[in-house]
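# Per-entry structural report
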Amino acid sequence: MHGPILILVEHLKGEIADITYEMLGIGRKLADDLKVPLHSIVFGKDGESIASHLGSADLVFALNNPQMDIPSPDVASNILKSLIEQKAYSLVLIGGTNVSTGIGPKLSFRSSLPFINFCKNIFVKDGIVCFTSQLFGGKILSDISVRGNGGIISIYPGSFPSSAGKSDKKPPIEILDIPLEETKVVFKQYIEPEAGDVDITKQDVLVSVGRGISNADNIAMAEELATILGGAVCASRPVIDQGWLPLSRQVGKSGMTVKPKLYFSLGVSGAPEHTEGMKDSGLILAINTDPNAPIFSVAHYGICADLFDIIPPLTEKLKT
Amino acid sequence: MDIVVFLKMVPDVIEELSIADTGKSLDTQFLRMKLNDPDDYSLEEALILKEKYGGTVTVVAMEASEVDEVLYTALAKGADRIVKIPGDWTNIQAPGIAKLLASYFSSTNHQLGTDTLVLLGSQAIDDLEGEVAPYLSEILGTPYIGVITGISLDAEKKKVNVIKEFAGGLRGEFELPLPAVIGIQAAEKPPRYVPVAKVRSIMKTAKIDIVDIIPPDIAPAISIEKMFIPEVGGKAKMLEGPPEQISSQVIELLKEIGIIRR
Ligand SMILES: Cc1cc2nc3c(=O)[nH]c(=O)nc-3n(C[C@H](O)[C@H](O)[C@H](O)COP(=O)(O)OP(=O)(O)OC[C@H]3O[C@@H](n4cnc5c(N)ncnc54)[C@H](O)[C@@H]3O)c2cc1C
Ligand SMILES: Nc1ncnc2c1ncn2[C@@H]1O[C@H](COP(=O)(O)O)[C@@H](O)[C@H]1O
């Protein structure tokens, strides 16, 4: 017999994160298939008002506490653990995001439920819940079964449609009044994104460079192309971490989410942490030497070639 | 500061990956291993901290293919001690790894002190049972935080200040007491370069400390039923031909969506 399902609601600075609706959508479907209730829990000072937007759940617990706006993995996993004990949840869905990292493994350690990472799909087959996770930056998928038919599942962002989790209904809300333990990890302050020279979220055209650009000097080539097309250059994480471009140009999970009319990607492999931030762009054009690069599964048009063979002649042609 | 860095080798995904005949794991025959990306940064962050505040950097890795070179490179970059835990660790999962790494501290090798900072990579690309760092902090009973891109020390208070990444460029500052376990995402600076010649010469003189640890008895909680390569290129329409011809096709597309004038 399967127990009910619990979703850990994620929000940042008062805004409900998309991953929350993704989880509510798939959670609703699983709950209906398994004929079990779907619950969710929200932490933070606006807990109750956030809870009122989560109509896809059958019941929402709200813990109104400003200390929990950014949930400490220690405190969060203790609260979740006692809820699991009370309600016998079989599945707990948590966002595979920077905000929630650490909660799943800690909860798994403290409860008897296993933890599954990088989950892209969950489905019920013959009454058994099955999972598909991605590995190796999206290059491999694996079907997984779990001892005991339940677990704490880290949902990879962008795996499920968020529209399926939205509902106009008002869910029943139960306020949790639990005294919080002290956390040793103290939140001090937010550091707002540095205002860069250009705001890549406002560009119609982005030329995106990845590690395939090889070195800082080659960025000029991408800059020239971007200028001709009336746009700007953005980049994947390794390019930023190398210091070749400022942080304000990073696209992806930890960077910006962009939706330009044209996203022209040069030497980017298309790891899910990157595509999360650009997959909804109007036209995605990608150059990569590797025919199996995952970027070709999000791009509309692909060019399997060396970018240094393509960009210079293309730029010349555009100039004339 | 007593800084301990755990390094992990992972398959290099730039290489083509193929599935073994069992259909349940990677074909290791042509697999090239490399240091997990975030680990390169956690080593760098450790070296930066040592330069700023003094102390020692101990680098610990479990045995894996090509790990020796990575350890010697760490030494060449400025680490003080390199340690290898021998064994065949192909099937061990995150909870087991965490238990094993925790034992490193419980032995007489290296006690966890009030100035110990344990750095791990935030997350590796092959970790189905996910994230060693939080598991390790559970076992060691220390505070933990992950996705960190910068650390500074308040020596008097025996605390560290850390910068954590959220999303959309938003970051947060946190404070936590030592000893602590931290998952590193990036360092303040890109990893330093060390000439191969220097690594080679260190290999001749230096020694890797071998620390034997009895493998923990933890059965994996999940099992892989099937591994497969997702359909790629399923979506993109590929433009083919010599560069000249590709350029023309690209220009046509740009005209179609109105980026350049017809
Ligand atoms: C918590 C977390 C957060 C992250 N956040 C982000 C994020 O916000 N943004 C982000 O981008 N990543 C992020 N990452 C990292 C992400 O997982 C990938 O490692 C990263 O996106 C890879 O960048 P890349 O594609 O440039 O490099 P690689 O994966 O190294 O790919 C380089 C590509 O270039 C191709 N190439 C090489 N030479 C050429 C050439 N001459 N011509 C054409 N193609 C060539 C190669 O075939 C390869 O596909 C995050 C990871 C984690 C764990
Ligand atoms: N086998 C290992 N040997 C040493 N360190 C490891 C090992 N596995 C994981 N780690 C550490 O834990 C981090 C996170 O890895 P993972 O939990 O596998 O995603 C890595 O970046 C390493 O710092």
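For the structure, check the block above.
Just so we're clear, the structure is a prediction, and the values are computed from it rather than from any experiment. (Residues numbered from 1 in each chain as written. Chains lettered and ligands numbered in written order. Predicted model: local features only at pLDDT ≥ 70, side-chain atom pairs only at ≥ 80, totals over all residues. Heavy atoms only, no water.)

### A look at the interface of chain A and chain B
- Taken together, the contact pairs 81 residues of chain A with 82 residues of chain B.
- Together chain A and chain B conceal approximately 7200 Å² of surface at their shared face, both sides included; 63% is due to carbon and sulfur atoms.
- At the junction of chain A and chain B, the tally comes to six salt bridges.
- Of the charged contacts in the structure, one is a salt bridge between K188 of chain A and E175 of chain B, with a shortest N-O distance of 3.5 Å.
- Our enumeration of links across chain A and chain B arrives at 34 residue pairs in polar contact (both at pLDDT 80 or more).
- In terms of residues, the side of chain A that touches chain B owes the most to one element, strand β9 (residues 140–146) of chain A, which gives seven residues.
- Taken together, the residues of the side of chain A that touches chain B sort by class into 42 nonpolar, 19 polar and 20 charged.
- Pairing geometry for strand β12 (residues 186–191) of chain A and strand β9 (residues 171–177) of chain B, over five bridges, is antiparallel. Its bridge partner being in β9 of chain B, Y190 of chain A is matched across the sheet by G172 of chain B. (Contact = heavy atoms within 4.5 Å. Buried area = accessible area lost by both parts, 1.4 Å probe. Salt bridge = Lys/Arg side-chain N within 4 Å of Asp/Glu carboxyl O. Polar contact = N/O pair within 3.5 Å; in protein donor to acceptor, adjacent residues only side chain to side chain. Helix = DSSP H or I, 4+ residues; strand = E, 2+ residues; numbered from the N terminus. Nonpolar A, V, L, I, M, F, W, Y, C, P; charged D, E, K, R; others polar. Pairing = 2+ DSSP bridges.)

### What about the sheet that holds strand β14 (residues 232–235) of chain A?
- Taken in spatial order, the six strands make up an open sheet running β14(A)-β13(A)-β15(A)-β16(A)-β17(A)-β13(B), and their pairing is parallel. Strand pairing shows two members of the sheet lacking a second neighbour, β14 of chain A together with β13 (237–238) of chain B, which therefore form its edges.
- As paired strands, strand β13 (residues 205–209) of chain A and β14 of chain A are joined by four bridges and run parallel to one another. If you follow S208 of chain A over to β14 of chain A, its bridge partner there is C234 of chain A.
- Across the sheet, helix α8 (residues 307–319) of chain A lies against β15 (262–266), β16 (283–287) and β17 (301–303) of chain A, angled at about 135° from β15 of chain A, the strand it touches most. (Axes fitted to C-alpha atoms, helices over the stretch in contact; angles between N-to-C directions.)

### A word on the sheet that holds β9 of chain A
- With mixed pairing, ten strands are arranged side by side in an open sheet as β11(A)-β5(A)-β4(A)-β1(A)-β6(A)-β10(A)-β7(A)-β8(A)-β9(A)-β12(B). Each of the sheet's edge strands pairs with one partner strand only, and the pair in question is β11 (173–175) of chain A together with β12 (222–228) of chain B. Shown here is a sheet whose adjacent strand axes are inclined to one another by a mean of 30°, direction ignored.
- With three bridges connecting them, strand β7 (residues 115–125) of chain A and strand β10 (residues 151–155) of chain A associate as parallel partners.

### Focus: the site of ligand 1
- For ligand 1, the set of nearby residues contains 28 residues, the closest of which are S236, V251, S269, E273 and N288 of chain A.
- At ligand 1, the nearby residues belong to more than one chain, namely chains A and B.
- A distance of 3.2 Å separates an oxygen atom of ligand 1 from a polar backbone atom of G255 of chain A.
- The contact in question runs from an oxygen atom of ligand 1 to an N or O atom on the side chain of N288 of chain A, over 2.7 Å.
- Compared with its free state, where it exposes 990 Å², ligand 1 has 87% of that area covered by protein.
- Those elements that place two or more of their residues in the shell around ligand 1 are α6 (237–241), α7 (272–275) and α8 of chain A. (Near = heavy atom within 4 Å. Areas by Shrake-Rupley, 256 points an atom, 1.4 Å probe, with all protein chains shown as cover.)

### Thoughts on the pairing of strand β1 (residues 2–7) of chain B
Residues and elements named next belong to chain B.
- The element β1 is largely enclosed, with a buried count of six among its six residues.
- Neither face of β1 is left uncovered, since the one carrying D2, V4 and F6 and the one carrying I3, V5 and L7 both have all their residues buried.
- One ladder, built from four bridges, connects β1 with strand β6 (residues 116–121); its direction is parallel. Each bridged residue has a counterpart across the sheet, and for V5 the counterpart in β6 is L119.
- Sheet topology note: the β1/strand β4 (residues 56–62) ladder contains six bridges and is parallel. Residue pairing for β4: V4 is matched across the bridge by T58. (Buried < 20%, exposed > 50% of the residue type's maximum accessible area, 1.4 Å probe, protein only.)

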